[in-house]
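Spelled out, the chains give:
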Amino acid sequence: MSVAAGDSVAIVGASGSGKTTLLGLLAGLDLPSRGSIVLAGQALDALDEEARAALRAREVGFVFQSFHLLPSLTAEENVALPLELAGREDPARVREVLQAVGLSARARHYPRQLSGGEQQRVAIARAFVARPRILFADEPTGSLDHATGKQVSDLLFALNAGSGTTLVLVTHDMHLAQRCQHVYRIDEGRLQRQEHVAA
Ligand SMILES: Nc1ncnc2c1ncn2[C@@H]1O[C@H](COP(=O)(O)OP(=O)(O)O)[C@@H](O)[C@H]1O
Ligand SMILES: [Mg+2]
């Protein structure tokens, strides 16, 4: 599979078919036993773990189904973390992305004080704060009710369109998949491009 810059791509398939595994491989979190992956012009198998981590920090954002916020940090501290780890603190950028996800008023709240939808919006702000070229999202609406999931996916597509960030998402939701420019299905170990997707 090949994903062009700025594209939105959905990966669908049955539970256990390997969607999360594929996303982890594409993001350089894991290495394949066979085959090769080129991420932002770099062949991942040519890089050691440290160089892959640096590439991820520079180019990749990741959003998980279960948010994965640090419970002991406030919303704004969670969002600031990728910049701090990269040694480029930028409070103005943190405020800007919190505003972009509509959570300026919640900046000092801890994850347990936020709803699921708000937590996922914090996670999206965190994924976007360092201006990644590619955002990977693993069932980003899978833990949310329909209306909240719609808000979160609207936000992902707005950020995809507004910042030119490539979006690769895994979902069970065919309505969400249909909103992507391209849809791939994993079935019995094979990845197939879907030309026409029925909801
Ligand atoms: N760390 C692991 N070690 C071994 N098998 C795994 C591991 N993670 C997932 N699997 C297996 O790999 C297959 C694909 O899993 P996964 O990528 O999580 O699927 P999906 O996200 O489509 O539900 C499943 O059979 C799963 O049990
Ligand atoms: Mg999965």
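The rules we used
- Residues numbered from 1 in each chain as written.
- Chains lettered and ligands numbered in written order.
- Predicted model: local features only at pLDDT ≥ 70, side-chain atom pairs only at ≥ 80, totals over all residues.
- Heavy atoms only, no water.
- Salt bridge = Lys/Arg side-chain N within 4 Å of Asp/Glu carboxyl O.
- Buried < 20%, exposed > 50% of the residue type's maximum accessible area, 1.4 Å probe, protein only.
- Phe/Tyr/Trp six-rings, centres within 6.5 Å; stacked < 30°, edge-to-face > 60°.
- Helix = DSSP H or I, 4+ residues; strand = E, 2+ residues; numbered from the N terminus.
- Arc of directions from axis to C-beta.
- Contact = heavy atoms within 4.5 Å.
- Polar contact = N/O pair within 3.5 Å; in protein donor to acceptor, adjacent residues only side chain to side chain.
- Near = heavy atom within 4 Å.
- Areas by Shrake-Rupley, 256 points an atom, 1.4 Å probe, with all protein chains shown as cover.
- Nonpolar A, V, L, I, M, F, W, Y, C, P; charged D, E, K, R; others polar.
- Axes fitted to C-alpha atoms, helices over the stretch in contact; angles between N-to-C directions.
- Parallel < 35°, antiparallel > 145°, perpendicular 65-115°, else oblique.
- Left-handed = near helix turned anticlockwise from the far one by under 90°.
- Patch = residues over 30% accessible without salt bridge, like charges linked within 9 Å, V, L, I, M, F, W, Y side chains within 5 Å.
- 1 Å grid on protein atoms, 1.4 Å probe; cavity = no way out; pocket = protein on both sides within 12 Å on 5 of 7 lines; lining within 4 Å.
- Points joined across faces, edges and corners; volume = space filled by probe spheres on them.

J.: Help me out: how do you make sense of the pattern of salt bridges in this one?
T.: Taken as a whole, this structure holds nine salt bridges when the rule is applied. A salt bridge links E49 to R56; its shortest N-O distance comes to 3.6 Å. Given a relative accessible area of 44%, E49 falls into the partly exposed group. A single network of salt bridges, built from pairs that share partners, joins E49, R52 and R56.

J.: I keep staring at the packing of aromatic side chains and nothing clicks. Help me out?
T.: Within a pair of aromatic rings, the relevant descriptors are the distance that separates the centres and the angle that separates the planes. Summed over all chains, the structure comprises two aromatic pairs. Ring geometry for F62 and F64: centres 4.8 Å apart, planes at 25°, overall stacked. In this structure F62 comes out as buried when scored by relative accessible area, which is 15%. Here F64 falls in the partly exposed class, since its relative accessible area comes to 26%. Each residue in the set F62, F64 and F136 is aromatic and connected to the rest through ring pairs, giving one cluster.

J.: Would you mind showing me how to read helix α2 (residues 49-59) here?
T.: Three or four residues apart is the spacing at which side chains of an α-helix point the same way, because the helix has 3.6 residues per turn. Those residues of α2 that sit buried are R52, L55, R56 and E59. Buried residues in α2, looked at end-on, bunch into an arc of 100°, giving them a common side. Packed against the buried residues of α2 are β2 (38-39), β3 (42-43), β4 (60-63) and β5 (134-138).

J.: Even after reading the chapter, I still don't get the side chain of T166, so can you show me in this structure?
T.: In this structure, T166 sits in strand β6 (residues 166-170). T166 sits in the buried class, given a relative accessible area of 5%. There is a polar contact of 2.8 Å between the side chain of T166 and the backbone nitrogen of G6. Non-local contacts of T166, meaning those with residues more than four positions away in its chain, are made with V3, A4, A5, G6, D7, R133, I134, L135 and N160.

J.: Is there a simple way to explain the site of ligand 1 in this structure?
T.: Taken together, the neighbourhood of ligand 1 is formed by A14, S15, G16, S17, G18, K19, T20 and T21. Between ligand 1 and T21, the relevant distance is 2.6 Å, taken from an oxygen atom to a side-chain nitrogen or oxygen of the residue. Computed on the free molecule, ligand 1 has an accessible area of 560 Å², of which 39% lies beneath the protein chains in the complex. Looking at the shell around ligand 1, its residues break down into one nonpolar, six polar and one charged.

J.: Where do I start with the packing of helix α3 (residues 75-85) against helix α4 (residues 91-100) in this structure?
T.: Helices that pack against each other are described as a pair by the angle of their axes relative to one another and the distance between those axes. One can describe the packing of α3 onto α4 by two numbers: an axis separation of 10 Å at closest approach and a directional angle of 125°. For the element pair α3 / α4, the angle class is oblique. Considering the relative orientation of α3 and α4, their crossing is right-handed. Residues E76, V79, A80 and L83 of α3 touch α4, and the partners they reach there are R93, V94, V97 and L98. For the contact of α3 with α4, the class distribution of residues is six nonpolar, no polar and two charged.

J.: Before we go on, may I ask you to explain a nonpolar patch on the surface in this structure?
T.: Nonpolar side chains collect at one region of the surface, where M1, V3 and L191 lie side by side and expose about 220 Å² of accessible area between them. Mapped onto the fold, V3 is located in the segment before β1 (8-13). Of the residues examined, V3 reaches a relative accessible area of 32% and is grouped as partly exposed.

J.: I tried to follow the layout of surface pockets on my own but got confused; where do I start?
T.: Empty space left among the atoms is revealed by rolling a probe the size of a water molecule over them. Its boundaries defined by the atoms lining it, the largest pocket holds a volume of some 840 Å³. Among the secondary structure elements, those contributing two or more residues to the lining of the largest pocket are α1 (19-26), β2, β5, β6 and β8 (190-194). In terms of residue count, the dominant contributor to the lining of the largest pocket is α1 (four residues). For the lining of the largest pocket, the class distribution of residues is 17 nonpolar, 12 polar and three charged. Computed from the structure, the second largest pocket encloses a volume of approximately 560 Å³. Lining the second largest pocket are 19 residues, with V60, G61, F62, P82 and R126 positioned closest to its centre. Those elements that provide at least two residues to the lining of the second largest pocket are α2, β4, α3 and α5 (116-128). Broken down by element, the residue count for the lining of the second largest pocket peaks at four residues, all from α3. Looking at the lining of the second largest pocket residue by residue, the class counts come to 14 nonpolar, three polar and two charged.

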